[in-house]
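# Summary of structural features
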Amino acid sequence: MKLKHYFLLLATGIVLLASVALFATFRSHPALFYVTEGFVVLLLLYLWLFYRKTIRPYDTLIGGIELVRELDLTTRLAPSGQHETDIIVRTFNDLLGRLRSEHLRLEEQYTFLNLLIEASPMGVILCDLDGNTTSMNPAARQMLSPSIEETIHALPIGETTTVRIPGGPQLFRISHLSFPDRGFQHPFFLIESLTSEIRLAEKAAYERVIRMIAHEVNNSVAGIIGTLSGDEAERLATLSSFVSRFAEVVKIPQPQLQLCDLSEEVEACRPFLENLCTQAHVRIEFFLTDEAIPVHLDTVLFQQVLINIVKNAVESIGERLLAGMSAETGVSSMTQGRITLETTTPATLTITDNGHGIPSSIAKNLFTPFFSTKPQGQGLGLLLIRDILTSHHCTFNLLTDPEDHLTRFTIQFPI
């Protein structure tokens, strides 16, 4: 029950007692009746003044507290004319003004922080106190993959690690951090792409090494190859050619981009690719959409990419057929090699083969410079493909599906 109600009960009781006293003195003591009546009037006047000076200001303060509870920080209390009460009212209004200013400042900071997180190129994943994901920004949604999710679940708080996405060149740094929130450490994750930085550092390193090796070997070979003949000269020429192939990797020109139709460019490469597959007795099929797929690319460099991808697929099919060949008959029991090229919207090219496949343990190292699983491989093909596609701002991956065992090289061009 409110204080006002207690006051009304008290005032009602006093008025009733005063009425009984007036009624009792009305007949027996007329003079006392008038005195009692005057006293009752003074008492009522005092109760009215007491209500105005005490109860009504108290109700005003209670109303102000209710406004604060409802987060209405714009209303102010009016002075009551009572000195003691007005001191409380002024203090309350000043406190309310400070609360409103602080509330606005926090709201502005919260809005700015949200905008900053949403626009950040770094992935931000917020979690609750139990470690369950509550929200993430667009960058995190774009970066998220099974490998990153697995790392996030296993990463202790306060630790940082790097993850390379299997089948692609992407490398990410993941940090598990926390911030204080209402007395608890609130966990969150930061995901930062290191792909471009690592690629530039790797390229700068292997360019210096390759140039130095090519210069020294070719100068030495040029000086002595003329003095030799037969097998020795041929072996030196092979060595020079071997080193020159490495040198070609660092001479990839900047792409001269022009607007093209993706399906038409793949169709233009059909004769080269069919010839490459026919020699290896591999069937190649094209599934090109009739819908125009506009992309910006360098046609010459794009042709190099296609030839290298199909060449790798042909070699992988050869490894599979060789592995399935019967020792008695010398005939392969495996199905015929098959490569398909398919264009789809939005701006995607997928090259699929039924070759030997890529183990998951190898997939994460595919686009590492000079990495190769072939005994005589130099690791140049995928390096060349990586650098050309990256210069076209494409996203790409090379993976073997564990269900149908088909290997797919998927390239997505920027729209």
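Reading the values: the criteria
- Residues numbered from 1 in each chain as written.
- Predicted model: local features only at pLDDT ≥ 70, side-chain atom pairs only at ≥ 80, totals over all residues.
- Heavy atoms only, no water.
- Pairing = 2+ DSSP bridges.
- Helix = DSSP H or I, 4+ residues; strand = E, 2+ residues; numbered from the N terminus.
- Axes fitted to C-alpha atoms, helices over the stretch in contact; angles between N-to-C directions.
- Contact = heavy atoms within 4.5 Å.
- pLDDT = per-residue confidence, 0-100.
- 1 Å grid on protein atoms, 1.4 Å probe; cavity = no way out; pocket = protein on both sides within 12 Å on 5 of 7 lines; lining within 4 Å.
- Points joined across faces, edges and corners; volume = space filled by probe spheres on them.
- Nonpolar A, V, L, I, M, F, W, Y, C, P; charged D, E, K, R; others polar.
- Core = buried A, V, L, I, M, F, W, Y, C linked by side-chain atoms within 4.5 Å.
- Buried < 20%, exposed > 50% of the residue type's maximum accessible area, 1.4 Å probe, protein only.

## Observations concerning the sheet that holds strand 2 (residues 133-136)
Reading across from one edge, 2-1-5-4-3 is the order of the five strands in this open sheet, with antiparallel pairing throughout. Here the strands that pair on one side only, and so sit at the sheet edges, are strand 2 and strand 3 (160-164). Strand-to-strand twist in this sheet, taken as the mean axis angle between neighbours without regard to direction, amounts to 25 degrees. Running over the sheet, helix 5 (residues 146-154) touches strand 1 (123-127), strand 3, strand 4 (171-181) and strand 5 (184-193) and is turned about 40 degrees from strand 4.

## A word on the sheet that holds strand 10 (residues 348-353)
Ordered in space as 7-9-10-12-11, the five strands form an open sheet in which the pairing is mixed. A single partner strand is all that each edge strand has here, and the edge strands are strand 7 (283-287) and strand 11 (395-400). Taking each pair of neighbouring strands and ignoring which way they run, the sheet shows an average axis angle of 10 degrees. Sheet analysis places strand 7 next to strand 9 (residues 338-344), joined by five bridges and oriented parallel. Across the sheet, residue glutamate 285 finds its bridge partner in strand 9, namely threonine 340.

## Considerations on the confidence of the model for the chain
Interpreting fine coordinate detail is not advised for predicted regions of low pLDDT. Confidence in the prediction for the chain averages 79 pLDDT; 71% of positions are at 70 or higher. In this model, residues 326-333 is a region of pLDDT below 50 whose contacts with residues beyond four sequence positions or in other chains number eight contacts.

## Describing the layout of surface pockets
The space that makes up the largest pocket amounts to roughly 1200 Å³. Lining the largest pocket are 35 residues, and of these Ile165, Gln170, Phe172, Thr395 and Phe396 sit closest to its centre. Put simply, the parts of the chain that give the lining of the largest pocket at least two residues each are helix 4 (138-143), helix 5, strand 5, helix 6 (195-224), helix 11 (360-363), strand 11 and strand 12 (407-412). Per-element accounting of the lining of the largest pocket gives the leading share, five residues, to strand 11. Of the residues contributing to the lining of the largest pocket, the split by class is 17 nonpolar, 15 polar and three charged.

## Quick word on the nonpolar core
With 41 residues, the main nonpolar core has Leu306, Ile339, Leu341, Leu349, Phe409, Ile411 and Phe413 as its most contacted residues. Counting residues per element, this core draws most heavily on helix 10 (residues 299-323), at nine residues. Setting aside anything within four residues of it in sequence, one finds leucine 341 in contact with Val266, Leu273, Ile284, Glu285, Phe286, Phe287, Leu288, Leu306, Thr350 and Ile351. Judged by nonpolar contacts, the second largest core, of 14 residues, contains Ile125, Leu155, Phe189 and Ile191.

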